[in-house]
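# Structural characterization, general
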Amino acid sequence: MLTIFTDLTSINREIGVYEVEGDKRVSTNNNRFEENKCVAMTAEVTAQEETQQRASEVPAEEPQKNVAAAKEEEEEKVLEVEESKAETMGKSSSYREESNFLSDLKEFERKALNELKAKLEEAILGHNLFDEKTEESKKMNEATEEDNKKEEEVKKQGADEEGEEPLKEQEEKKSEEEEKSVEVEKDVSLWGVPVLPSKGEEGTDVVLLKFLRAREFKVSDAFEMLKKTLKWRKESSIDSVVDEDFGPGLGSAACMSGVDREGHPVCYNIYGVFDNEELYQKSFGSEEKRIEFLRWRCQMMEKGIQKLNFKPGGVTSLLQVNDLKNSPGPSKKELRIAVKQVVSLLQDNYPELVAKHIFINVPFWYYAVSALLSPFLTQRTKRKFVVARPAKVTETLIKYIPIEEIPVQYGGFKREDDTEFCSEDGAVSELTLKAASTATIEIPTLEVGNTLCWDVTVLGWEVSYKEEFVPSDEGSYTIIVQKGKKMGSQEGPVRNTFRNNEAGKVVLTIDNTSNKKKRVWYRYKTINNTF
């Protein structure tokens, strides 16, 4: 199962417990809407409930079900049961980061932090941060020291006869090397933050708290985890992995794009690309290739971490969106090996660096495997997982990510290399369209020769939609920009432009013929044409 996690310090080979976003509604961001009322050009939204109810007749005849339809219906029932369980589990969950201010920590947490800082300070200044000495190695070192003493006595006698200068030079050189080695340990850092507590960096406490939380504030366990992480990074040259080139194949499997509602950088992992056999073999075909894949996965984490702010009150974790559409299933042996390696590597070396894991376009087999593993997961781990089937992708993402930051392929307004809209173009507006009603969005254009550009989307669509330009002059004709059509549930966001040759307004009409409320988002801008 291709579910590569990046914040699994509290998981012991655990995969896949989820919170499913079903029919839960996302609260409207009224504050943002109010702040943008001062924008010169606003859209007048009118919602009119029809006076007559639309009559809808449901055929009395039930079509005969074939075997495939019966199987699909059975799967739907299973999913409904699993979603109901997950929804109950996730009602109290929050993905806001835990506070890193000392004043907000509990007494036992502050005590654990101070103890960890003391152990770390002693290890660095004692020059044994990376040297784990066992009892056996200590005895060997003592024996070696005895031999060195005898050798020094012999050298000293020779120096008395030949002169003391060579011996002094050797001692000075050895002393310089030891001092240089100690300085290297004093300068050791993690994710750009110095770890020596006495340096007084704000970010040191934040980083150390991540290791403590990953080990439930058990100081010795957190200290060992930190030492192993620092040693692994040093031996694997992880600080330089961000500059390595892994080719275009793996580059298509993940990308950083935008931020969520809490400011967490968002990483999208597109596992469907591994359905391509050539890329699959290049990534997982041998142990050497799997090692390269591991380094690439670390590179993605490091790039995301560069966008974080390791200070109290700063954003110190990522949001991971994992797209499982067309993802290879758990039957792939090489994939199972790679997943196990990735889980082990990331859970041991990147603690508490992900606020939420959102799995979208989840296939049926994912639920079955997750149900078997759910009893082994802690509540802390469960709160980090959200799962959405294909029909719930946009509805789930919009709870955590603003519509303007969600990529267009997932139902949002964000387009790659967008030349028409940018983050400075103002906030997105939202309206609720009641069942069996019609809404119009009016975009005024009073100056002649300008170009209007707009985005609009309806959650779940299943409405009729049309676009018109209505001139201010009553003697002019209305221009059909987009003739009316029925929009299916799989429709993506609509973007269109119109250049006016006279004053008037663009009118977007949305006719909701269903018996359910609809959520509508839109934005627009005027592009001044220069001649």
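Within every chain, residues take consecutive numbers counted from 1 along the sequence as written. Thresholds applied to this predicted model are a pLDDT of at least 70 for local features of residues and 80 or more for the giving and counting of side-chain atom pairs; totals over whole chains, interfaces and linings are not thresholded and use all residues. Only hydrogens and water are set aside; all other atoms, that is, all heavy atoms of the structure, feed into the side-chain values.

## Section: the sheet that holds strand β9 (residues 429-433)
Ordered by their spatial adjacency, four strands build an open sheet running β9-β16-β11-β14, and the pairing between neighbours is antiparallel. Two strands in the sheet have a free side with no partner beyond their single neighbour: β9 and β14 (494-499). Between one strand axis and the next, the sheet turns through 25 degrees on average, direction left out of account. If DSSP finds at least two bridges between two strands, the strands pair. The numbering of helices and of strands both runs from the N terminus, where a helix is a DSSP run of H or I of at least 4 residues and a strand a run of E of at least 2. Where strand β11 (residues 451-458) lies against strand β16 (residues 518-527), eight bridges are found, and the strand directions are antiparallel. Each bridged residue has a counterpart across the sheet, and for Asp455 the counterpart in β16 is Arg523. To get an axis, fit a line to the C-alpha atoms, keeping to the stretch in contact for a helix; angles then go from 0 to 180 degrees between the N-to-C directions.

## Some details on the sheet that holds strand β6 (residues 318-323)
Across the sheet, five strands lie side by side as β4-β5-β6-β7-β8; this open sheet has mixed pairing. A single partner strand is all that each edge strand has here, and the edge strands are β4 (254-259) and β8 (385-387). Between one strand axis and the next, the sheet turns through 20 degrees on average, direction left out of account. Alignment of β6 against strand β7 (residues 354-360), held across six bridges, turns out to be parallel. Each bridged residue has a counterpart across the sheet, and for Gln320 the counterpart in β7 is His357. Across the sheet, helix α14 (residues 393-400) lies against β6, β7 and β8, angled at about 170 degrees from β7, the strand it touches most. Any two residues whose heavy atoms approach within 4.5 Å at even a single point are treated as in contact.

## Points about the nonpolar core
Residues belong to a common nonpolar core when they are buried Ala, Val, Leu, Ile, Met, Phe, Trp, Tyr or Cys residues joined through side-chain atoms within 4.5 Å. Per-residue accessibility, obtained with a 1.4 Å probe over protein chains only, is compared with the maximum for each type, and a residue is labelled buried under 20%, exposed over 50%, and partly exposed between these values. Counting residues in hydrophobic clusters, the biggest one holds 70 residues, and the most contacted among them are Trp191, Leu212, Phe274, Phe310 and Tyr350. Those elements that place two or more of their residues in this core are α3 (107-125), α6 (202-214), α7 (219-236), α9 (277-284), α10 (287-305), α11 (333-349), α12 (364-373) and β8. Split by domain, this core shows at least three residues from each of two domains, domain 1 (100-130 + 179-235) and domain 2 (241-410). The contacts of Trp191, once residues within four sequence positions are left out, are Val207, Lys210, Phe211, Arg233, Glu302, Ile305, Phe310, Asn349, Tyr350, Pro351 and Leu353. Within the second largest apolar cluster, 22 residues are counted, among which are Leu431, Leu452, Val456 and Phe498. Domain start and end points were adopted from an automatic or database domain assignment.

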